[in-house]
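Commentary on secondary and tertiary structure
Spelled out from the first residue to the last, the chains are:
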Amino acid sequence: MNTYFKRIALVAITVLTLAACDKINNANRTMDTMLGGDFKVYIAGHDKVYLVRNGKVTSVPEKGYYVFYATIDGKKRMVQSPIATTTIEKID
């Protein structure tokens with residue numbers, strides 16, 4: 001019977017730890033919002049490098065993606081990219 005309670009306690013601690021890690025991860029993503037400037041945005045699986053000129057890249061951690069306006073074919077267009085597969089580089 002004592003082993004049963006140890007297993008339940010271990011499962012409960014594991015679940016609480018994973019939930020806490022998710023909250024910390026979401027908080028870190030919230031801090032990913034980059035305001036103002038010029039950026040190169042690389043998205044895994046895309047051959048194209050997106051350029052953001054005098055704009056911003058905003059994270060939406062609840063949904064797991066970045067939103068930005070890139071110049072595509074001479075026009076500013078909204079792009080959404082998954083946070084996990086996106087690399088953002090600030091350019092001067």
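Our subject is the structure that appears above.
The present account deals with the structure reproduced in this document.

Digging into the overall build of the protein chain
- The number of helices and strands found in the protein chain is one helix and six strands.
- N-terminal to C-terminal, the α/β element order of the protein chain is α-β-β-β-β-β-β.
- Within the protein chain, the fraction of its 92 residues that count as buried is 25%.
- Look at the contacts in the protein chain between residues 6 or more apart in sequence, and 37% of them connect residues 24 or more apart.
- A total accessible area of about 6,800 Å² is found for the protein chain, and carbon and sulfur atoms account for 59% of it.

A word on the nonpolar core
- Counting residues in each nonpolar core, the largest one holds 13 residues, and the members touching the most others are Val 41, Tyr 50, Val 57, Phe 68 and Val 79.
- Those elements that place two or more of their residues in this core are strand S1 (38–43), strand S2 (49–52) and strand S4 (65–72).
- Among residues more than four places away in sequence, those in contact with Phe 68 are Val 41, Ile 43, Tyr 50, Val 52, Lys 56, Val 57, Arg 77, Met 78, Val 79 and Ser 81.

Points about the sheet that holds strand S5 (residues 75–82)
- Taken in spatial order, the three strands line up as S3-S4-S5 in an open sheet, and their pairing is antiparallel. Of all the strands in the sheet, the pair left with one neighbour each is strand S3 (57–60) and S5. Pairs of neighbouring strands in the sheet enclose a mean axial angle of 30 degrees, with direction left out of account.
- As judged from the four bridges shared by S3 and S4, these two strands associate in the antiparallel manner. Residue pairing across strands places Val 60 opposite Tyr 65, the latter belonging to S4.

Remarks on the sheet that holds strand S6 (residues 86–91)
- Read from one edge to the other, the open sheet built from three strands follows the order S2-S1-S6, with strand pairing classed as antiparallel. Of all the strands in the sheet, the pair left with one neighbour each is S2 and S6. If you compare each strand with its neighbour and ignore which way they point, the axes differ by 20 degrees on average.
- Of the pairings in the sheet, the one linking S1 to S2 comprises four bridges and is antiparallel in character. By the bridge assignment, Phe 39 is partnered in S2 with Val 52.

Rules of the game
- Per chain, residue numbering runs from 1 following the sequence as it is written.
- This being a predicted model, a pLDDT of at least 70 is required before a residue's local features are given, and a value of 80 or more before pairs of side-chain atoms are given or counted; all residues contribute to the totals for chains, interfaces and linings.
- To get the side-chain values, all heavy atoms of the structure are used, and hydrogens and water are removed first.
- In DSSP terms, a helix is any run of H or I states spanning at least four residues, a strand is any run of E spanning at least two, and both are numbered starting from the N terminus.
- Exposure is judged per residue with a 1.4 Å probe applied to protein chains only, and the accessible area is read against the type maximum: over 50% gives exposed, under 20% gives buried, and values in between give partly exposed.
- Two residues qualify as a contact provided that any one of their heavy atoms is within 4.5 Å of a heavy atom in the partner residue.
- All accessible areas in this document rest on Shrake-Rupley with a 1.4 Å probe, and a residue is counted as covered only by the protein chains that are shown.
- Among buried residues, the Ala, Val, Leu, Ile, Met, Phe, Trp, Tyr and Cys ones that are joined through side-chain atoms within 4.5 Å form a nonpolar core.
- Strands pair, by our definition, only if DSSP identifies at least two bridges between them.
- Angles shown run from 0 to 180 degrees and are taken between the N-to-C directions of axes, each axis being a line fitted to C-alpha atoms and, for helices, limited to the stretch in contact.

It is worth stressing that arrangement in space is one thing and function is another; only the former is reported here.
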